[in-house]
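Chains, contacts and geometry: an overview
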Amino acid sequence: MAKVSIDGIVREAEPNELLIDLLNRADVTVPHVCYHPQLGPVQTCDTCMVEADGRLIRACATEVADGMNISTKSKKAAAAQVEAFDRILSNHLLYCTVCDNNNGNCTVHNTTKLLAIEHQRIPFRSKPYEVDNTNPFYRYDPDQCILCGRCVEACQNVEVNETLSINWEDPNPRVLWDGGSTIGESSCVSCGHCVTVCPCNALMEKTMLGHAGFFTSLRKSTLSGMIEVVKGVEPETGYGTILQVSEAEEAMREHRIRKTKTVCTYCGVGCSFDVWTKDRHILKVAPEHGPANGISTCVKGKFGWGHINNEDRLTTPLIREEGKFRQASWDEALALVARKLSDLKAKSGPDSIAFISSSKCTNEESYLMQKLARAVIGTNNIDNCSRYCQSPATVGLFRTVGYGGDSGSISDMEKADLVLIVGSNTAESHPVIATRVKSSHKLDGQKLIVSDLREHEMARRADLFLHPKPGTDLVWLSAISRYLIDNDLADTKFLDRWVNGLADYRKSLEPFTMEAASRISGVPEETLKTVAQMISEAERMCILWAMGVTQHSQGSDTSTAISNLLLITGNYMRPGTGAYPLRGHNNVQGASDHGAMPNMLPGYQSVDDPEVRQRYETGWKVKLPAAKGLDNHQMVEAIHEGKLKAMYLIGEEMSIVDSNANYVGDAFAKLEFFVVQDIFFSNTCRYADVVLPGAPSLEKEGTFTSTERRIQRLYQVLEPLEGCRPDWKITQQIANRLGAEWHYQHPSEIMDEVASLTPMFAGVNYERLAGYRSLQWPVAADGTDEPLLYTKRFAFPDGKARLFPVSWIGPTDLPNAEFDLHLNNGRLLEHFHEGNLTYRTEGIREKTPDTFVEVSPELAEERGIQSGTWVQLISRYGQVRVRALVTDRVRGQELYMPMNSIESPVNRLTSSHTDPVTNTPAYKETSVHLNVLAEVGESPLPRINFRFGHPTPQNGVEVERKWKRPDYAPPGNGLVQLQTKK
């Protein structure tokens, strides 16, 4: 600890602590406009000047040294602070009272007050640029821009989309998108980082404009007149009086603007943020304190909330009669559900009924859903959509290390010396995680290897990109492990101390020579040896994988091979190491964690374990079934076989997200009774007998569990729309009509019950999760959690990990003369799955209005295809009609089709082949025939889609270029300029 004197008081500083952080921690008030703790030193504003041992320094760029004597209030420091801020005000027109950003958090307003600025010495100078309104979600006003560069720093070095810059050499600098494009036609991905960190109103969400203030909805001409009046009285009254008026208006806003913390409802990263609302109008999403994301969001989390107030929301129960739906009361609908389920249970037995919980619902709701199945109906026929993505990774980890979740945290991915990404389009499927990897790769020298069929963003950034043949990852991964062992590059000390089964595992690797791996995978042998060398040289390695691995017929075995490789190299048990199967949905981890599985009670406790079952029977006061139930895939087969008669499904678009969608739809049509609970009338609802209107995440309380095993609370932002009910209440009401006596008044009571019965969650309660606090399971009874697993032992009885031999079988549904092309599929950044939620946000629909199929330039030339050409894709199982997009993201005979369509869903083409261990569909193993149709339309991606932009990479805001401007001089005298340390 360094000891420094600050204004005569001795303080202790952490090693390498920035002076500004120490000042803030010690509640010593020093102005700072460009500094943000999640951005680091930007050094553009010069307002944080303090005097250190007689010299002026920037507090944001100075690391504390032992013995420093700091004065924050000396005449020299105070004069420099005022001079620097006066320059800032020359770029900004102060009209706080009629500004939508007058909400108590405007840095420019607050600094004006802090420094007691009454008059500007340098008058405001308008910039010769128009306001840019071309992005559907936010606008940029150059006249309000103070050129602090926060937005540039966030875009370049946090988000690392590298779109924003400032041309400091221009006579009239402004923020630029792609070096001078409009925002709408730039590479901007609308992640919102720039808007979030803007310290004033230069960058603002369009949903704020005209809504936040009491006067801001007035006509522009009226507002301009009011601004002129304010500027007219300023010379006489000074800013102090004017700020008092604006603060009175700001205080009025506090009574009508609510700020409520929630957790994102899209992917599994677990971003959390405050949602600002006025009545039911969502003003903005404000991220800052989230443990997983901080200031970061993607376009969906920041702006994709159009579904909440969409006019298509279900607001009344529906009952099918004579092939048509009619509206019904809740009492009638619930009575019908209870009667039908009771009758079918009595007639055909409890196992004739199945339940599917939702990865969009809360932990508490999935817990009640499986409790309804087991304790009320008496069946283990309960599953969730982890069957479609997560299950193989969970098996691979259960086999080798004992827990079926990420072995560490997102921060460990940042710390790694090497990140290996296999089968994951991370930048689009898990964009905030990608920002952490991109930043560490750009700024900290982290190495990146990517293996994928497509050359997506992470592949293009990688130090080494592998393009294996489809479904061959297991082969080259196993060959790398063998090569490391055979060439004495394995971590033998770690293996001897912590791992069982090395001898048998090495025998299983006999077929996996480098030559064989190269021949099967198509990756050159020298490239594979380079991969092995990079892995052996890295002190800390993380492996990230997703559906490009798990949605194959050997998804479980490939996931196992990944964990085997980590064990061989000693990459568990330490920060910056480990296995990271990236979870696809916001709560797909939590749904499985809380028992929505046919073979597991909550906490991954087996249904056939008598001791576990006894504990739940005692807690629930019922006898529980012991036999494993049906999973999603088996349920569909059982319907076709006539064994499964009824299903209750919550919040899953199963009719088009399950593989071989035509086959699944045919099954649903055969059900005797089908209940679907959702917020919209989905495609799956068309098969239902009863449709119940649930509530989205903003309209209820509960918890979600993210990909890093992080449990977080979400608070109710809005009251449920009239006629809708939170899903946990609906499930409870059905259970009680079936004879249960549940009396939960709040989701916290449900979580308390979970904790009492589940050792993995023993210490979880709502008090420990209050606000932005979180817990990463397992959680001991005293509340101690484990952000990094296996620091002392692995989760097996002897504390040792297990190498698990796997063998190569090969993919299914291979191309042949008729079906000659391989079809891959997956996500897009801006849409989520089929688009039931995201298409209801107008700006997202504007940017990406439809699905498409990516075709390589060489295939396009061969077949006479251009972007916009309509093609028909025909597989062994179905067909779709879709427009082509010609792109070098795909190669040769490989196609890629995103999931974002209800009209032409890709799963009409996929098969019923599955991973034999988990029954996860082999979505990624599909062969198709392509017919080129005569019709040629517009490109499926409009010119305003970010994929047509041209980023301008640079190292942050590059403030050194500002310092070289002829009109720049440091404020005050004797300034020591210290460069930013990254």
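Being a predicted model, the structure only gives us computed values, none of them experimental. (Residues numbered from 1 in each chain as written. Predicted model: local features only at pLDDT ≥ 70, side-chain atom pairs only at ≥ 80, totals over all residues. Heavy atoms only, no water.)

Some remarks on the overall build of the protein
A count of helices and strands for the protein gives 32 helices and 38 strands. Along the first, second and third principal axes, the C-alpha set of the protein runs to 85 × 70 × 65 Å. Among the 982 residues that make up the protein, the fraction classed as buried is 64%. Pairs at least 24 apart in sequence give 74% of the contacts found in the protein among residues at least 6 apart. As displayed, the protein offers around 34500 Å² of accessible surface, 50% of which is attributable to carbon and sulfur atoms. In the protein, 104 positive and 123 negative side-chain charges are present, and the distance between their average locations comes to 2 Å. (Helix = DSSP H or I, 4+ residues; strand = E, 2+ residues; numbered from the N terminus. Buried < 20%, exposed > 50% of the residue type's maximum accessible area, 1.4 Å probe, protein only. Contact = heavy atoms within 4.5 Å. Areas by Shrake-Rupley, 256 points an atom, 1.4 Å probe, with all protein chains shown as cover. Lys, Arg positive; Asp, Glu negative; His and termini not counted. Charge placed at Lys NZ, Arg CZ, Asp CG, Glu CD.)

Quick notes on the sheet that holds strand S12 (residues 281–286)
Read across the open sheet, the 3 strands follow the order S10-S11-S12; overall the sheet is antiparallel. The sheet terminates laterally at strand S10 (257–263) and S12, the two strands that pair on one side only. Each strand of the sheet is rotated relative to its neighbour by a mean of 30°, with strand direction disregarded. In this structure, strand S11 (residues 272–278) lies alongside S12, joined through 5 bridges in antiparallel fashion. Pairing of Asp274 across the sheet is with Ala286, part of S12. (Pairing = 2+ DSSP bridges. Axes fitted to C-alpha atoms, helices over the stretch in contact; angles between N-to-C directions.)

Topic: the packing of helix H11 (residues 391–400) against helix H22 (residues 555–568)
The interhelical angle for the contact between H11 and H22, taken along N-to-C directions, is 45°, at an axis separation of 7 Å. Relative to H22, the element H11 lies oblique. As H11 runs across H22, the sense of the crossing is right-handed. Between H11 and H22, the residues in contact are Pro392, Ala393, Val395, Gly396, Leu397, Arg399 and Thr400 and Gly555, Ser556, Asp557, Ser559, Thr560, Ser563, Asn564 and Leu567, respectively. (Parallel < 35°, antiparallel > 145°, perpendicular 65-115°, else oblique. Left-handed = near helix turned anticlockwise from the far one by under 90°.)

A look at the sheet that holds strand S28 (residues 702–705)
Strand order in this open sheet of 3 strands is S28-S29-S30, and the pairing throughout is antiparallel. Here the strands that pair on one side only, and so sit at the sheet edges, are S28 and strand S30 (774–776). Each strand of the sheet is rotated relative to its neighbour by a mean of 30°, with strand direction disregarded. When strand S29 (residues 710–714) meets S30, the two strands line up antiparallel, connected through 3 bridges.

Section: the nonpolar core
Soluble globular proteins: nonpolar side chains tend toward being buried together. One finds Phe355, Leu372, Tyr648, Phe673, Val690 and Ile734 to be the most contacted residues of the largest nonpolar core, which totals 60 residues. Val690 has contacts with Leu318, Ile319, Ala333, Leu336, Val337, Phe673, Phe674, Val675 and Val676, leaving out every residue within four places of it along the chain. (Core = buried A, V, L, I, M, F, W, Y, C linked by side-chain atoms within 4.5 Å.)

Here's the deal with the packing of helix H19 (residues 514–521) against helix H20 (residues 525–537)
Each pair of packed helices can be summarised by the angle the axes make with each other and by the distance between the axes. The N-to-C vectors of H19 and H20 enclose an angle of 115°; their axes lie 9 Å apart at closest approach. As H19 runs across H20, the sense of the crossing is right-handed. From H19, Met514, Glu515, Ala517 and Ser518 reach across to H20, where they touch Glu525, Leu528, Lys529 and Ala532.

A short note on helix H3 (residues 107–114)
Burial in H3 covers these residues: Thr107, Val108, His109, Thr111 and Thr112. In this structure, the buried residues of H3 make contact with helix H2 (75–89), helix H4 (150–158) and helix H7 (239–253).

Notes on the packing of aromatic side chains
The final tally for this structure, using the stated rule, is 22 aromatic pairs. Here the aromatic rings of Tyr403 and Trp777 are separated by 5.7 Å at their centres, their planes lie at 70°, and the arrangement is edge-to-face. Taken together, the residues span a long stretch of sequence, with Tyr403 in the loop between H11 and helix H12 (410–415) and Trp777 in the loop between S30 and strand S31 (801–802) at a distance of 374 residues. A residue is classified by how much of its surface remains accessible, and Tyr403, at 21% relative accessible area, is partly exposed. Put simply, the rings of Phe398, Tyr403, Phe494, Trp498, Tyr572, Tyr604, Trp777, Tyr790 and Phe794 touch in pairs and so form one group of aromatic residues. (Phe/Tyr/Trp six-rings, centres within 6.5 Å; stacked < 30°, edge-to-face > 60°.)

Notes on the pattern of salt bridges
Considering all chains together, one arrives at 48 salt bridges under this definition. Measuring nitrogen to oxygen at the nearest pair gives 2.7 Å for the salt bridge that ties Arg737 to Asp331. Residue Arg737 is located in helix H28 (residues 727–737), and its partner Asp331 is located in helix H9 (residues 330–348); the two are separated by 406 residues in the primary sequence. On the basis of relative accessibility, which here comes to 49%, the residue Asp331 falls in the partly exposed class. A salt bridge links Lys529 to Glu526, with the nearest nitrogen and oxygen atoms 3.9 Å apart. Of this pair, Lys529 and Glu526 both sit in helix H20, separated by 3 residues, roughly a single helical turn. In the salt-bridge network here, residues are joined through shared partners; they are Glu162, Lys438, Lys442, Glu457 and Arg461. (Salt bridge = Lys/Arg side-chain N within 4 Å of Asp/Glu carboxyl O.)

So, the side chain of Ser927
Within the element layout of this structure, Ser927 appears in strand S37 (residues 926–936). Under the relative-accessibility criterion, Ser927 is labelled buried at 0%. At 2.5 Å, the side chain of Ser927 forms a polar contact with the backbone oxygen of Asp813. A polar side-chain atom of Ser927 sits 3.4 Å from the main-chain carbonyl oxygen of Leu814. Sequence-distant contacts of Ser927, that is, excluding residues within four places in its chain, are made with Asp813, Leu814, Pro815, Phe819, Leu821, Ile874, Ser875 and Arg876. (Polar contact = N/O pair within 3.5 Å; in protein donor to acceptor, adjacent residues only side chain to side chain.)

Regarding the pairing of strand S21 (residues 541–545)
Remark: a regular strand shows side chains that alternate across the two faces of the sheet. Burial of S21 is extensive: 5 of the 5 residues sit out of reach of the surface. Bridge count between strand S17 (residues 418–422) and S21: 5 bridges; the pairing is parallel. Pairing of Leu418 across the sheet is with Met541, part of S21. The pairing of S21 with strand S22 (residues 578–581) spans 4 bridges and is classified as parallel. Its bridge partner being in S22, Trp545 is matched across the sheet by Pro581.

Side note on unusual backbone geometry
Across residues other than glycine, the phi torsion is negative in most instances, and most of the peptide bonds are trans. In this structure, Pro778 follows Trp777 across a cis peptide bond, with omega equal to 0°. Tracing the chain through its elements places Pro778 in the loop between S30 and S31. A positive phi angle, near 60°, is found at Glu162, a position not held by glycine. Of note, Glu162 is situated in the loop between H4 and strand S7 (164–166). Despite not being glycine, Asn660 has its phi angle at roughly 50°, a positive value. Within the secondary structure, Asn660 sits in the loop between helix H26 (654–657) and helix H27 (661–670). A residue is classified by how much of its surface remains accessible, and Asn660, at 8% relative accessible area, is buried.

Examining H7
The terminal C-alpha atoms of H7 lie 21 Å apart, and with 15 residues this matches the ideal 21 Å at 1.5 Å per residue to within 8%. Those residues of H7 lying buried are Tyr239, Ile242, Leu243, Ser246, Glu249, Glu250 and Arg253. One face of H7 carries all of its buried residues, which in axial projection span an arc of 120°. Against H3, helix H6 (220–237) and S10 lie the buried residues of H7. (Expected span 1.5 Å × (residues − 1). Arc of directions from axis to C-beta.)

Looking at the environment of Phe85
Considering the arrangement of structural elements, one finds Phe85 in helix H2. Using a relative accessible area of 0% as the deciding quantity, one classes Phe85 as buried. The sequence separation of Phe85 and Thr112 amounts to 27 residues, and the corresponding C-alpha distance is 8.1 Å. Those residues within four positions of Phe85 in sequence are excluded, and the remaining contacts are Val33, Thr47, Val108, Thr111, Thr112, Leu115 and Ile117.

Notes on the environment of Val299
In this fold, Val299 is placed in helix H8 (residues 299–303). Put simply, Val299 and Glu228 are 71 residues apart on the chain and 36 Å apart in space, counted from C-alpha to C-alpha. Non-local contacts of Val299, meaning those with residues more than four positions away in its chain, are made with Phe137, Val189, Ser190, Cys191, Gly304, Leu829, Glu830 and Ile844.

Observations regarding the side chain of Ser518
Note that Ser518 resides in helix H19. Note on Ser518: relative accessible area 18%, which makes it buried. Among the polar contacts made by the side chain of Ser518, one reaches the main-chain amide nitrogen of Glu525 at a distance of 3.4 Å. Residues contacting Ser518, with those up to four places away along its chain left out, are Val523, Pro524, Glu525 and Leu528.

Details of the pairing of strand S35 (residues 879–886)
Here 3 bridges tie strand S33 (residues 853–855) to S35, and the two strands are oriented parallel to one another. Directly across from Val853, in S35, lies its bridge partner Ala884. Sheet analysis places strand S34 (residues 869–874) next to S35, joined by 5 bridges and oriented antiparallel. Each bridged residue has a counterpart across the sheet, and for Trp870 the counterpart in S35 is Arg883.

Examining the environment of His255
By the element assignment, His255 lies in the loop between H7 and S10. The spacing of His255 and Lys278 is 23 residues in sequence and 9.6 Å in space, taken between C-alpha atoms.

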